[in-house]
Amino acid sequence: MSDAILVDCCNVNTRFGAHHVLKDVSLTIRPGETVGLVGESGSGKTTLGRAILGIGPVSAGEILYEGTNIAGVAPRDRRGNAAAIQAVFQDPYSSLNPSMTVEDILIEPIVARGLASASEASAKVNTLLDQVALPADAAQRYPREFSGGQRQRVAIARALALSPRLIVCDEPVSALDLSTQARVLDLFIDIQQATGVAYLFVSHDLTVVRHISHRVAVMRNGEIVEFDECDQVTANPSHDYTKRLLLAAPVADPARQAERRAAFRALAGEH
Amino acid sequence: MTDHETSLSNVRPVQRDNLALAVLSNPLGLVASVLLAVVFLTAIFAPLIAPHSPTTLQIFKINAAPGDGYLLGGDGSGRDVLSRLIYGSRSTLAGAAIAVVVAGLLGIAAGLVAGYYGGRRDIVLSWVSDGLMALPALIVLLAFYQTLGSSIYLSMVVFGIMLSPSFFRLTRNLVNGVKNELYIDAARVSGLSDLRIIIRHVLLVIRAPIVIQTSIVAGIAIVIQAGLEFLGLGDPGTPTWGGMLQNAFSNMYVAPLAILWPGFAISITVASFVLLANAIRDRLQQGDRVKPGQIPPPEVAAVPVRAEALPEDVLLDVRDLKVAYPAKAGWKDVVSGVSLTLRRGEVLGLVGESGSGKTQTAFAILGLLSEGGRIIAGSILFDGKDIAGLPEAEKHKLRGKRIAYVPQEPMSNLDPAFRIGYQLVEPMVTVLGISKAEARRRALDLLARVGLPDPERTFRSYPHQISGGMAQRVLIAGAISCNPDLLIADEPTTALDVTVQAEVLDLLRDLQSEFEMSVILVTHNFGVVADMCDRVAVMKDGAIVETRDVTDLFASPEHSYTRMLLGSVLDDSKTRTYVQPSVAEVPA
């Protein structure tokens, strides 16, 4: 097995005033890999994602992308493949500009990077829509005409426009209905297999993370408490906090859930 | 199973109607637009329309009555009033345009910068704006007139600067409203420059209120300009409406009619600008919503009030419940024929995806439908009494006392202006009729009962001082404070972290058995259903597709929709194996 590493976060620290939001966070992402980043609200998982994207501050530490430090470098100042790091956000309603058509939304990154003129970029729109299984006539419509799942597909198509090698996904399915969520997750997996893109998949939901990740990092209070193979973390966690997190999520099986509830109470009782 | 996700057959056709057309379809908007068009055309074609030169004097027509060649009479110097009125529209519109353009350019640009960047730029620009607003506009204009001379246009430039804070404040507030939208982050990630983001993603989105403001400012500019001219400022050689007003005023006892014409011209033009602004605003605010009363009331099926005897252990019995909201094409059902039964001490799960009608069903039972919503058919028997058609006052008595509610968003259901204690004590005093001291004692007991570590401190806290999980415990304490028979919980743990969710579910379960409450738990999460419920009703498109005991539902779901939903629950036994992509796949 090769040691190729796409992103290497070394002791990343972020402070907002007196708040120490990220404390010496270290994490690696290999090419074509999904790293799940799990934590509760306020754990710092979104802050780490934003730091990698270049839209959030880094107070100390390095984020190496293919060996180049990109910590604190704004997206428009990034060069080469680092310029193509993309994002899919949680809320499909606020992540698309309501006054732009889908086509305008999709060609904007291409035109902004000077990769093609607007008319050349338009030719790519059909391919992008096809990649996320939306019909070509979606191009001339406005975001408000789509359902939540369809909007998230548009957001994924926008992320794919620059042929990125890394997409930071911040809770991309948590606003979606159950059946939609499963289909959008499968789309993420299909796209990864077809293009070899890597994901940093930020979520509060361990079952979602288990479904899509190769490796999983668990964050709490700005620190990574556990980072290992997916099966290890989501089935046999070593850290107490991960165990709590795992047992807290109710499963859709009354008998098993009763057992888990008892185990969760027992674990809570120990502390 | 058809894939709704990837076909556009279910896409809502949105009217992409033109704003201009929509405004013209409004009678006020149409009248205002026509009048403004007349004024503009008059200004442009003044030399062709005007019967006389505005400066020609006819000595025998001084203060002449209308008629005899001068359609609206002559002014104090024997000039044709109509011709001067027509030419006057030119300077009026030009002056207003100058003021609006100056005010708009300065105010909008500064507002965009202050709103988007915030920080020091915002502080400095806000100071400048506040300073300008503190200056009395008319006095400043008079002072400038002294130094700069008699050009009314120069005065309007100065007035434009004085008006710019109105654009600044509006723009800045609008930008603050949209700058944290995720599409702005997405644009930054895409590598757009700040200027491009500000123009494409900020200005384009907030343009409508600015257009409205422009129309109003144009009206103000015309009034002020006329006022200045009336005071005698401005070039006496140019015919202006304000100047005509002054001329007519000084001859008021000789030719009282003359003051009407410039007065009409000013009023009609200003009123048109303001009405146009209102028409645009109405159109934008209206959206696709339908006001109650805009469509005829629904046909309420004449259901006789049910009073049949139900088995003793049935607390709630809902039959054929229909709930509808007004829509463009008439009343639209969101709940269409729901029947369910809840026994005493039972926990019923109401589960479905968004838009399935599960929350509307719960709200109909609570009597808390959103504005416009109506129960159009069916009955809700609560403890043997039909509560579907009860007047609001009667429903109000039931809510909080016998039927309690726990909402999804704990924070938005607490009033930030009042301490937690007050918000718990007040309802108890009103509903139970107990003394303040007694209510306070009970509130503290309840806060301890719902597992808050320091009840005294929580009692004294404001909502912003506690976490979301604590806020939900406070609301649960409030809900059980009056010993309800029925608790309706609408996604009570959806907004909470997963470990907090487990604790809150534990609490709800304990309280349910302790108080022997019946519970309706509205949720989309089958894990929560498995954790809490005795029976489950699965909803789709406003109807219940199946109601089962919880064990049976998970063991052998009958309806294909239930099977599809359960099949979507992620429960992977195997995880993915990492394979490094071959180098050839990676684009150069």
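Residues numbered from 1 in each chain as written. Chains lettered and ligands numbered in written order. Predicted model: local features only at pLDDT ≥ 70, side-chain atom pairs only at ≥ 80, totals over all residues. Heavy atoms only, no water.

**Things to note about the overall build of chain B**
A count of helical and extended segments in chain B gives 21 helices and 10 strands. For chain B, the C-alpha radius of gyration of 34 Å lies well beyond 25 Å, the compact-globule estimate for 588 residues. In terms of overall dimensions, chain B has C-alpha extents of about 105 × 75 × 60 Å along its principal axes. Burial statistics for chain B: of 588 residues in total, 48% are counted as buried. Considering only contacts within chain B whose residues lie at least 6 apart along the sequence, 69% involve residues at least 24 apart. A total accessible area of about 28,000 Å² is found for chain B, and carbon and sulfur atoms account for 60% of it. (Helix = DSSP H or I, 4+ residues; strand = E, 2+ residues; numbered from the N terminus. Rg over C-alpha atoms; globule rule 2.2 N^0.38 Å. Buried < 20%, exposed > 50% of the residue type's maximum accessible area, 1.4 Å probe, protein only. Contact = heavy atoms within 4.5 Å. Areas by Shrake-Rupley, 256 points an atom, 1.4 Å probe, with all protein chains shown as cover.)

**A closer look at a nonpolar patch on the surface**
Residue and element names in this part refer to chain B. On the surface, a cluster of nonpolar side chains totalling about 490 Å² of accessible area is made up of Val31, Leu35, Leu257, Leu260, Phe264 and Ile268. Sorting the residues of the nonpolar patch by element identifies α2 (27-44) and α11 (260-286) as the ones contributing at least two each. No other element matches α11, which puts three residues into the nonpolar patch. You can see Leu257 is positioned in the loop between α10 (241-250) and α11. Under the relative-accessibility criterion, Leu257 is labelled partly exposed at 44%. (Patch = residues over 30% accessible without salt bridge, like charges linked within 9 Å, V, L, I, M, F, W, Y side chains within 5 Å. Salt bridge = Lys/Arg side-chain N within 4 Å of Asp/Glu carboxyl O.)

**Considering helix α15 (residues 436-449) of chain B**
Residues and elements named next belong to chain B. Here α15 is 14 residues long and its end C-alpha atoms lie 20 Å apart, about the 20 Å a rise of 1.5 Å per residue gives. Each element contacted by the buried residues of α15 is listed here: α14 (420-432), α16 (455-460) and α17 (468-480). Positive phi shows up at Gly451, right after α15, with a value of about 85°. (Expected span 1.5 Å × (residues − 1).)

**Considerations on the environment of Ala543 of chain B**
Residues and elements named next belong to chain B. Within the fold, Ala543 resides in strand β10 (residues 543-549). According to the relative accessible area criterion, Ala543 is partly exposed, its value standing at 24%. Excluding residues that lie within four positions of it along the chain, Ala543 makes contacts with Ser336, Val338, Ser356 and Val538.

**Observations concerning helix α9 (residues 194-230) of chain B**
All names here are of chain B. In this model, α9 (37 residues) spans only 46 Å end to end at C-alpha, well below the 54 Å of a helix rising 1.5 Å per residue. Within α9, the axis deviates most sharply at Arg207, by approximately 55°, and proline Pro209 lies no more than four positions further along. Backbone geometry just downstream of α9 places Gly232 in the positive-phi region, at approximately 100°. (Bend = angle between axes of the 7 residues up to and from the residue.)

**Thoughts on unusual backbone geometry**
The backbone of Glu66 of chain A sits at a positive phi, close to 45°, despite the residue not being glycine. Of note in this structure, Glu491 of chain B is not a glycine but carries a positive phi near 45°. Since its relative accessible area comes to 6%, Glu491 of chain B is described here as buried.

**Topic: the packing of α9 of chain B against α10 of chain B**
All names here are of chain B. At a minimum axis separation of 7 Å, α9 and α10 run at an interaxial angle of 45°. Put simply, α9 runs oblique to α10. Considering only the axes of α9 and α10, their crossing is right-handed. Listed contacts from α10 to Ala226, Glu229 and Phe230 of α9 are Trp241, Gly242, Gly243, Leu245, Gln246 and Phe249. (Axes fitted to C-alpha atoms, helices over the stretch in contact; angles between N-to-C directions. Parallel < 35°, antiparallel > 145°, perpendicular 65-115°, else oblique. Left-handed = near helix turned anticlockwise from the far one by under 90°.)

**A short note on the nonpolar core**
All names here are of chain B. Formed by 62 residues in total, the largest nonpolar core has its most connected members in Leu112, Tyr116, Phe159, Val202, Ile206, Trp241 and Ile266. Of all the elements in the fold, those that place two or more residues in this core are α2, α4 (81-117), α6 (137-148), α7 (152-178), α8 (182-189), α9, α10 and α11. Tallying contributions element by element places α4 first for this core, with 13 residues. Leave out the neighbours within four places in its chain, and Ile206 touches Leu112, Thr171, Leu174, Val175 and Val178. (Core = buried A, V, L, I, M, F, W, Y, C linked by side-chain atoms within 4.5 Å.)

**Here's the deal with the sheet that holds strand β4 (residues 374-382) of chain B**
By definition, the strands of a sheet pair up through backbone hydrogen bonds, in either a parallel or an antiparallel sense. All names here are of chain B. The strand order β2-β1-β4-β5 describes an open sheet built from four strands, whose pairing is antiparallel. Two strands in the sheet have a free side with no partner beyond their single neighbour: β2 (330-343) and β5 (385-386). Summarising the sheet, strand β1 (residues 314-327) and β2 pair through 11 bridges and their orientation is antiparallel. In the sheet register, Val314 faces β2, and the bridge partner there is Arg343. (Pairing = 2+ DSSP bridges.)

**With respect to the sheet that holds strand β7 (residues 166-170) of chain A**
All names here are of chain A. Within the open sheet, the six strands sit side by side as β6-β7-β8-β3-β9-β10. Their pairing is mixed. The strands lining the two open edges of the sheet, one partner per strand, are β6 (86-88) and β10 (223-229). Ignoring which end each strand starts from, the neighbouring axes of this sheet average 20° apart. With five bridges joining them, β7 and strand β8 (residues 198-203) adopt parallel strand pairing. Residue pairing across strands places Ile167 opposite Tyr199, the latter belonging to β8.

**A short note on the environment of Ala175 of chain A**
All names here are of chain A. You can see Ala175 is positioned in the loop between β7 and α5 (178-195). In this structure, the C-alpha to C-alpha distance between Ala175 and Ser147, residues 28 residues apart in sequence, is 11 Å. Look past the residues within four positions of Ala175 in its chain and what remains in contact with it is Gln90 and Pro92.

**A few points about the packing of aromatic side chains**
Counting across every chain of the model gives eight aromatic pairs over all chains. Ring plane angle 90° and centroid distance 5.3 Å describe the contact between Phe188 of chain A and Tyr199 of chain A, whose orientation is recorded as edge-to-face. With Phe188 of chain A in helix α5 and Tyr199 of chain A in strand β8, this residue pair connects regions lying 11 residues apart in the sequence. Given the relative accessible area of 1%, Phe188 of chain A is considered buried. Residue class for Tyr199 of chain A comes out buried when judged on its relative accessible area of 1%. Look at Tyr116 of chain B and Tyr117 of chain B: their rings are 5.2 Å apart centre to centre, the planes differ by 85°, and that puts the pair in the edge-to-face class. A network of ring pairs unites the aromatic residues Phe188, Tyr199 and Phe201 of chain A as a single cluster. One cation-aromatic arrangement involves Arg144 of chain A over Tyr142 of chain A; the distance from NZ or CZ to the ring centre is 5.2 Å. Across from the ring centre of Tyr117 of chain B, 4.1 Å away, lies the NZ or CZ of Arg121 of chain B, which sits over that ring. (Phe/Tyr/Trp six-rings, centres within 6.5 Å; stacked < 30°, edge-to-face > 60°. Lys NZ or Arg CZ within 6 Å of the ring centre and 35° of its normal.)

**Notes on the domain arrangement of chain B**
Residues and elements named next belong to chain B. Taken domain by domain, chain B holds domain 1 (20-46 + 82-286), domain 2 (314-402 + 485-585) and domain 3 (411-483). Placing the centre of domain 2 and that of domain 3 at their C-alpha centroids yields a distance of 26 Å. In this complex, domain 2 contributes 16 residues to the contact, which on the side of domain 3 involves 13 residues. If you sort the residues of domain 2 by the area they bury against domain 3, Lys401, Leu507 and Phe515 come out on top, with a joint share of 37%. The closest approach of N and O atoms between Glu514 and Arg449, which form a salt bridge, is 2.7 Å. In this structure, the connection of domain 2 to domain 3 is made through three residue pairs in polar contact (both at pLDDT 80 or more). In terms of residue count, helix α18 (residues 498-515) provides more of the side of domain 2 that touches domain 3 than any other element does, nine residues in total. Of the residues belonging to the side of domain 2 that touches domain 3, the class tally is 10 nonpolar, one polar and five charged. (Domains from an automatic or database assignment. Buried area = accessible area lost by both parts, 1.4 Å probe. Polar contact = N/O pair within 3.5 Å; in protein donor to acceptor, adjacent residues only side chain to side chain. Nonpolar A, V, L, I, M, F, W, Y, C, P; charged D, E, K, R; others polar.)

**Let's talk about the confidence of the model for chain B**
Residue and element names in this part refer to chain B. When pLDDT is averaged along chain B, the result is 87, and 92% of the positions lie at 70 or above. Least confident of the elements in chain B is helix α1 (residues 19-25), whose mean pLDDT is 79; most confident is strand β9 (residues 535-540), at 96. The ipTM for the predicted assembly is 0.91, set against a pTM of 0.85. (pLDDT = per-residue confidence, 0-100.)

**Overview of the interface of chain B and chain A**
It is common to report an interface's size as the accessible area lost on association of the parts. Tallying the contact residues gives 69 residues for chain B and 89 residues for chain A. Carbon and sulfur atoms make up 53% of the surface buried where chain B meets chain A, a total of about 6,700 Å² over both sides. At the junction of chain B with chain A, the criterion picks out seven salt bridges. Glu503 of chain B serves as the salt-bridge partner of Arg244 of chain A, at 3.4 Å between the closest nitrogen and oxygen. Connecting chain B to chain A are 24 residue pairs in polar contact (both at pLDDT 80 or more). Counting residues per element, the ones that place at least two in the side of chain B that touches chain A are α8, α9, α18, α19 (526-532), α20 (550-555) and α21 (560-568) of chain B. Ranked by the residues each element gives to the side of chain B that touches chain A, the list is headed by α18 of chain B, at nine residues. A class-by-class count of the residues in the side of chain B that touches chain A yields 27 nonpolar, 19 polar and 23 charged.

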